[in-house]
Amino acid sequence: MPLMSALGSITLNDGHLLPAIGFGTWRVTGDEATDEVRSALEAGYRLIDTAASYGNEEEVGRAVTGSGVPREEIVVTSKLRGADQGYDAALRGFERTLGALGLDRLDLYLIHWPLPARDLYVESWKALVRLREEGAVRSVGVSNFTAAHLDRLIDETGVTPAVNQIELHPGLVQEEMRAANAARGIVTESWGPLGRGKGLLDTPAVREVAAAHGVSPARAVLRWHHQLGVVPLPKSADPLRQRENLDIAGFTLSDEEMARLGSLPQRRLGGDPDTHEE
Ligand SMILES: NC(=O)c1ccc[n+]([C@@H]2O[C@H](COP(=O)([O-])OP(=O)(O)OC[C@H]3O[C@@H](n4cnc5c(N)ncnc54)[C@H](OP(=O)(O)O)[C@@H]3O)[C@@H](O)[C@H]2O)c1
């Protein structure tokens, strides 16, 4: 059985399925991006995460369409960049994204950041909802939204995002945001799930929990995400690591181990949703 199917899928609030783990593509461009996504699809990933601002949609799309994996099995995600926020601008931004990807529809489209100082995220959301209604996008969601941003979208449009993709790892456990998403029926995706190569995997707590199960630190951390009920999007350039990161079905962390990984010092590695500007 491919490793991916061992983990299964999560049902979104719009009835569509989301694979329980995905593959990230931030900071990889050119042929490297095509190679990485191609090997990730070979390894068994069926959820691929890109964004207009990553500058790699064309290369990611090439890997998807050339993979030989049936299109309906792959959930391709992209994100609306800040420069394209606003109703008409978002519709135009989406057309560019779809054209770059070389696809005839997108599976999941997210507003990348709320950018509250610009106050365009509600208008952008209306455009995403229209794209969903027209069938150009299967599911719509957001990224880096706080509970207040979510409530404004829901109050003003009546449409709840299917997904909120947020920074989440043992160094930023996001207990309140996970609860806020869950209370609104929104699936949480974790970006930076491995701590973005900034030392998380070398901390004694992570190393010791991993050693107790005879697995690598990355597998222990990804298992932690899975047991929290969130969908991690690890990125790796290395085909062996890509496979390793999918191999998290065969062991279970105890409540104590979950708590230990969740009690590391907390700090953001990326932007603050209330102030981040793109
Ligand atoms: N929505 C947003 O605002 C937002 C922001 C940031 C990221 N994202 C998405 O989330 C994805 C993941 O986040 P990220 O790429 O920032 O960080 P990440 O997945 O937490 O970490 C990636 C780093 O971990 C290393 N790594 C991967 N597997 C490993 C393993 N098994 N053992 C040791 N090291 C390993 C990678 O190195 P190698 O490549 O050398 O293996 C890379 O340096 C992104 O690619 C992107 O799709 C979204």
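- Looking at an unreviewed UniProt entry, one finds the chain named Diketogulonate reductase-like aldo/keto reductase, with Georgenia soli as its source organism.
- Within the UniProt record for the chain, the comment given under Sequence similarities (unreviewed entry) is "Belongs to the aldo/keto reductase family."

Quick word on the sheet that holds strand β8 (residues 163-167)
Part 1 of the argument: Strands sit in the order β3-β4-β5-β6-β7-β8-β9-β10 across an open sheet of eight strands; the sheet is parallel. Across the chains shown, the open sheet's two edge strands, defined by having one partner strand only, are β3 (23-24) and β10 (231-232).
Part 2 of the argument: With two bridges connecting them, β3 and strand β4 (residues 47-49) associate as parallel partners. Residue pairing in the sheet places Phe-23 in a bridge with Ile-48 of β4.

Some details on helix α9 (residues 217-228)
Part 1 of the argument: Here α9 is 12 residues long and its end C-alpha atoms lie 17 Å apart, about the 16 Å a rise of 1.5 Å per residue gives.
Part 2 of the argument: Along α9, the positions that sit buried rather than exposed are Pro-217, Ala-218, Arg-219, Ala-220, Val-221, Leu-222, Arg-223, Trp-224 and His-225.
Part 3 of the argument: Along its buried surface, α9 packs onto β9 (187-191), α8 (204-212), β10, α10 (239-246) and α11 (255-261).
Part 4 of the argument: Just downstream of α9, Gly-229 is the residue with a positive phi angle, here 85°.

Examining the site of the ligand
Part 1 of the argument: Around the ligand, the structure places 28 residues, and the nearest of them are Asp-49, Ser-143, Leu-194, Ser-236 and Arg-241.
Part 2 of the argument: Within the side chain of Gln-165, one N or O atom sits 2.9 Å away from a nitrogen atom of the ligand.
Part 3 of the argument: When isolated, the ligand has an accessible area of 910 Å², and the protein chains bury 86% of it.
Part 4 of the argument: By residue number, the principal contributor to the shell around the ligand is α10, which donates three residues.
Part 5 of the argument: Across the shell around the ligand, the residue classes break down as 11 nonpolar, 11 polar and six charged.

Notes on the packing of aromatic side chains
Where two aromatic rings form a pair, the distance of their centres and the angle of their planes describe that pair.
Part 1 of the argument: The final tally for this structure, using the stated rule, is four aromatic pairs.
Part 2 of the argument: Here Trp-113 and Trp-191 contribute two aromatic rings whose centre-to-centre distance is 6.5 Å and whose plane-to-plane angle is 70°, an arrangement assigned as edge-to-face. Residue Trp-113 is located in the loop between β6 (106-111) and α5 (121-133), and its partner Trp-191 is located in strand β9; the two are separated by 78 residues in the primary sequence.
Part 3 of the argument: Note on Trp-113: relative accessible area 7%, which makes it buried.
Part 4 of the argument: Pairing Tyr-121 with Phe-145 gives two aromatic rings, centres 5.3 Å apart and planes at 75°, and the pair type is edge-to-face. Placement of the pair is Tyr-121 in helix α5 and Phe-145 in the loop between β7 (137-143) and α6 (147-157), with a sequence separation of 24 residues.

Some details on the UniProt feature "site: Lowers pKa of active site Tyr" (unreviewed entry) in the chain
Part 1 of the argument: Mapped onto the present numbering, the UniProt feature "site: Lowers pKa of active site Tyr" (unreviewed entry) falls at Lys-79.
Part 2 of the argument: With respect to the helices and strands, Lys-79 occurs in strand β5 (residues 75-80).
Part 3 of the argument: Dropping the residues within four chain positions of it, Lys-79 is found in contact with Asp-49, Thr-50, Ala-51, Ala-52, Tyr-54, Tyr-109, Leu-110, His-112 and Gln-165.

Reading the values: rules and limits
Residues numbered from 1 in each chain as written. Predicted model: local features only at pLDDT ≥ 70, side-chain atom pairs only at ≥ 80, totals over all residues. Heavy atoms only, no water. UniProt positions renumbered as here; feature names shortened; annotations may be inferred. Pairing = 2+ DSSP bridges. Helix = DSSP H or I, 4+ residues; strand = E, 2+ residues; numbered from the N terminus. Expected span 1.5 Å × (residues − 1). Buried < 20%, exposed > 50% of the residue type's maximum accessible area, 1.4 Å probe, protein only. Contact = heavy atoms within 4.5 Å. Near = heavy atom within 4 Å. Polar contact = N/O pair within 3.5 Å; in protein donor to acceptor, adjacent residues only side chain to side chain. Areas by Shrake-Rupley, 256 points an atom, 1.4 Å probe, with all protein chains shown as cover. Nonpolar A, V, L, I, M, F, W, Y, C, P; charged D, E, K, R; others polar. Phe/Tyr/Trp six-rings, centres within 6.5 Å; stacked < 30°, edge-to-face > 60°.

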